[in-house]
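The lines below spell out each chain.
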Amino acid sequence: MSAIGESAYRQEDYKFAEKNFREALAYEPELLHALTGLGWTLYDSNRPDEAFFIFHRANERYPESGSARRGLAYLFYRYGRMKEAKALLGSLDKTRWPELANIEHVLKARAIKGLPAPRLPMEESKQEEPAESPAKSAPLERGPEEPSTGPQQTPKTEPRPEIVKRSPPEPAPEEMKPPTSHEEPPGPLPPVRKPSLEGMVNIPGGRFTMGVEFTSQSRRRRRRRVTLRAKGGRPVEVASFRLDKFEITNALYEDFVRATGEAEPPFWRKVHFTGPHLPVVGVTWDEARAYCAWAGKRLPTEAEWEYAARGAGKSRRYPWGNAQRDRNAVFGLSPDAGGPKAVGRRPEGASVHGVEDLAGNVWEWVEDEFRTKPGDARPISRNGRPLRTLKGGSWVNGWWALASSHRTGDLPDRRLPAYGFRCAADAPE
């Protein structure tokens, strides 16, 4: 049932996803997959108060779960509890945690509508002392059916999501206006800040076999080990380098557009591709290179990209390992109704060094010309123009495209809603 819920969640059928996750928890109340799945389902269907209790419960029982920790941290940030959010994330740097930019976008929309800042759900707020600062002294939103918090109240029992008063509906992330929307209220724009090199992940150099094809040696029952067989490839030496932890987002790319006067990507006005936390799509290879140069970085080479995704010599089929796990990547969505998801929503799919979304979400441009096999002398051309390489698969592809050694190529001026990128940089001396 939890697997069915996960499939429904990926297709944005949140009602069916919630039903199956709750049924799974009825049979196994502490199942981490169902707890975090239900948490993200509630989070993305604009029920943050209920999501808070689910993530809090999951984080208490599974503090090592990156998904539970992030969901709880994002909600603490939404409620203005910066200390708790920072303790969970380690930093509130929006280049490291782009979802924080999305939360601020939602809070701004609330303020424009005259809505008060969100508060922790009633059950949690009863544990707190009176307001510590003017920013936290606003009265709690309370419906007529809710009891007073006076001394006559009975002792608090364990929080239950079903009794939480839901916040007013907020726009879903995929329905929000793009960063540069002309419908935004007038006001000074924040200063443009170039991305920092400090937030990148250091990848130590080494030697690996590039372009390996993995095949299953035998088919066995589910949950039993499947032996993989690697064939092909060529040995490649990679020097140490740095790689962006996440794909470049709309918020980061907007700074580049404002600073340079480059054109907006064409999909910023499409409902499934807007929002500061989503990876920017529809950028050409030339535009991706231009952004990286502006940021003091560069596109990764194909060898660097694959080396990082394969585990820096560990020969993994996918960034997280050899097994196919639906929760670890954004893939297999409808080309008509789907789209990429917020970067960093799949912490279980991270590489050995902590680089995320290398499999799925969006295809990523790399520096190299596209050849039939890496190392071939002549690139593949179309109408006399050499193609450029993309890696990682995307939200619209199946498992076949998510293997770290898989690749495709396209013309450098092509714009598709499944094409994005991340940057690399030389290792510090």
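Residues numbered from 1 in each chain as written. Predicted model: local features only at pLDDT ≥ 70, side-chain atom pairs only at ≥ 80, totals over all residues. Heavy atoms only, no water.

Trainee: Looking at this structure, I do not really get the overall build of the protein. What am I missing?
Mentor: A count of helices and strands for the protein gives 11 helices and 13 strands. In the protein, buried positions account for 51% of the 429 residues. Summarising the internal contacts of the protein: among those between residues at least 6 apart in sequence, 71% fall at separations of at least 24. Accessible surface for the protein amounts to roughly 20700 Å². Of this, 50% is attributable to carbon and sulfur atoms. (Helix = DSSP H or I, 4+ residues; strand = E, 2+ residues; numbered from the N terminus. Buried < 20%, exposed > 50% of the residue type's maximum accessible area, 1.4 Å probe, protein only. Contact = heavy atoms within 4.5 Å. Areas by Shrake-Rupley, 256 points an atom, 1.4 Å probe, with all protein chains shown as cover.)

Trainee: Explain the sheet that holds strand β13 (residues 424-426) to me, please; I cannot follow it from the model alone.
Mentor: Hydrogen bonding along the main chain pairs the strands of a sheet, whether they run parallel or antiparallel. Pairing is antiparallel across the open sheet formed by three strands, whose spatial order is β1-β6-β13. Edge positions in the sheet fall to β1 (201-203) and β13, since each of these pairs with one other strand and no more. When the angles between neighbouring strand axes are averaged without regard to direction, this sheet yields 30 degrees. Relative to strand β6 (residues 241-243), β1 runs antiparallel, the two being bridged by three bridges. Along β6, the bridge assignment pairs I203 with F241. (Pairing = 2+ DSSP bridges. Axes fitted to C-alpha atoms, helices over the stretch in contact; angles between N-to-C directions.)

Trainee: What is the right way to read the pattern of salt bridges from this model?
Mentor: A complete count under the given rule lists 31 salt bridges for this structure. Between E18 and R47 there is a salt bridge, with the nearest N and O atoms lying 2.7 Å from each other. With E18 in helix α2 (residues 14-27) and R47 in the loop between α3 (32-44) and α4 (48-61), the pair connects residues that are 29 residues apart, well separated along the chain. Pair check on accessibility: E18 and R47 agree, each one buried. Of the charged contacts, one joins E306 and R310 as a salt bridge, the two residues approaching to 2.9 Å between their closest N and O atoms. Comparing E306 with R310, the two get one shared label, buried. Each of E18, R22, R47 and E50 takes part in one network of salt bridges that share partners. (Salt bridge = Lys/Arg side-chain N within 4 Å of Asp/Glu carboxyl O.)

Trainee: So what exactly am I meant to see when it comes to the nonpolar core here?
Mentor: Within soluble globular proteins, side chains that are nonpolar generally end up buried alongside one another. Judged by nonpolar contacts, the single largest core of 38 residues is most densely connected at I248, Y253, Y291, W365, L402 and F421. Only α9 (250-260), α10 (285-294) and β7 (363-369) provide two or more residues apiece to this core. Ranked by the residues each element gives to this core, the list is headed by α10, at five residues. Discounting residues that sit within four places of it in the chain, L402 has contacts with Y318, A329, F331, A359, G360, G392 and G393. Core analysis: the next-biggest nonpolar cluster, separate from the first, contains 36 residues, A8, F52, L75 and A85 among them. (Core = buried A, V, L, I, M, F, W, Y, C linked by side-chain atoms within 4.5 Å.)

Trainee: I'm lost on α4 in this one. Help?
Mentor: An α-helical turn contains 3.6 residues, so a residue and the one three or four places further along point in the same direction. Here α4 spans 20 Å end to end across 14 residues, near enough to the 20 Å set by a 1.5 Å rise per residue. The element α4 is largely enclosed, with a buried count of 10 among its 14 residues. Restricting attention to buried positions, one finds in α4 the residues P48, D49, E50, A51, F52, F53, I54, F55, A58 and N59. (Expected span 1.5 Å × (residues − 1).)

Trainee: For this particular structure, what's the right way to read the sheet that holds β7?
Mentor: Spatially, the four strands line up as an open sheet ordered β11-β10-β7-β12, and their pairing is mixed. Unpaired on one side and paired on the other, β11 (407-410) and β12 (419-420) mark the two borders of the sheet. Note that strand β10 (residues 388-391) and β11 share four bridges and pair antiparallel. Following the sheet pairing, R388 is matched in β11 by D410.

Trainee: Is there a simple way to explain the packing of aromatic side chains in this structure?
Mentor: By convention here, two paired aromatic rings are described through the distance between centres and the angle between planes. Scanning the model with the defined rule gives 24 aromatic pairs in all. Every member of this aromatic cluster is reached through a ring pair, and the members are Y253, F256, W268, Y291, W294 and F421. The ring of W285 has R388 lying over it, and the distance from NZ or CZ to the ring centre is 3.9 Å. (Phe/Tyr/Trp six-rings, centres within 6.5 Å; stacked < 30°, edge-to-face > 60°. Lys NZ or Arg CZ within 6 Å of the ring centre and 35° of its normal.)

Trainee: Please clarify how α10 should be interpreted in this entry.
Mentor: Within α10, the full set of buried residues consists of W285, E287, A288, Y291, C292 and W294. Backbone geometry just after α10 places G296 at a positive phi near 75 degrees.

Trainee: Would you mind going over the confidence of the model for the protein with me for this structure?
Mentor: Regions with low pLDDT should not have their predicted coordinates read in detail. Scored by pLDDT, the protein comes out at a mean of 81, with 79% of its residues at no less than 70. In this model, residues 127-186 is a region of pLDDT below 50 whose contacts with residues beyond four sequence positions or in other chains number 104 contacts. (pLDDT = per-residue confidence, 0-100.)

Trainee: For this particular structure, what's the right way to read the environment of R110?
Mentor: Within the secondary structure layout, R110 lies in helix α7 (residues 99-112). Within the structure, the side chain of R110 is placed 2.7 Å from the backbone oxygen of P116, a separation counted as a polar contact. (Polar contact = N/O pair within 3.5 Å; in protein donor to acceptor, adjacent residues only side chain to side chain.)

Trainee: Can you walk me through unusual backbone geometry in this structure?
Mentor: A positive phi angle, close to 65 degrees, is found at N46, a residue other than glycine. Relative to the assigned elements, N46 resides in the loop between α3 and α4.

Trainee: Can you walk me through the pairing of β10 in this structure?
Mentor: Within a regular strand, the side chains alternate between the two sheet faces. Where burial is concerned, the two faces of β10 agree: the one with R388 and L390 and the one with T389 and K391 are both buried. One ladder, built from three bridges, connects β7 with β10; its direction is antiparallel. Paired with E369 across the two strands is R388, which belongs to β10.

Trainee: Could you clarify how one ought to interpret the packing of α9 against α10 in this entry?
Mentor: How two helices pack is summed up by the angle between their axes together with the distance between the axes. Running from N to C, α9 and α10 point in directions that differ by 85 degrees, and their axes come no closer than 11 Å. As far as their axial angle goes, α10 and α9 are roughly perpendicular. Along the contact surface, α9 presents L252, Y253, D255, F256, A259 and T260, while α10 presents E287, A290, Y291 and W294. For the contact of α9 with α10, the per-class residue count stands at seven nonpolar, one polar and two charged. (Parallel < 35°, antiparallel > 145°, perpendicular 65-115°, else oblique. Nonpolar A, V, L, I, M, F, W, Y, C, P; charged D, E, K, R; others polar.)

Trainee: Can you walk me through the side chain of R346 in this structure?
Mentor: With respect to the element layout, R346 can be found in the loop between α11 (302-309) and β7. Although buried, R346 forms no salt bridge, and the nearest oppositely charged side chain, E6, lies 4.2 Å from it. Polar contacts involving the side chain of R346 include one to the main-chain carbonyl oxygen of R327, which spans 3.1 Å. For R346, the contacting residues outside a window of four places in its chain are E6, Y9, R10, R327, N328, A329, V330, E356 and D357. (Lys, Arg positive; Asp, Glu negative; His and termini not counted.)

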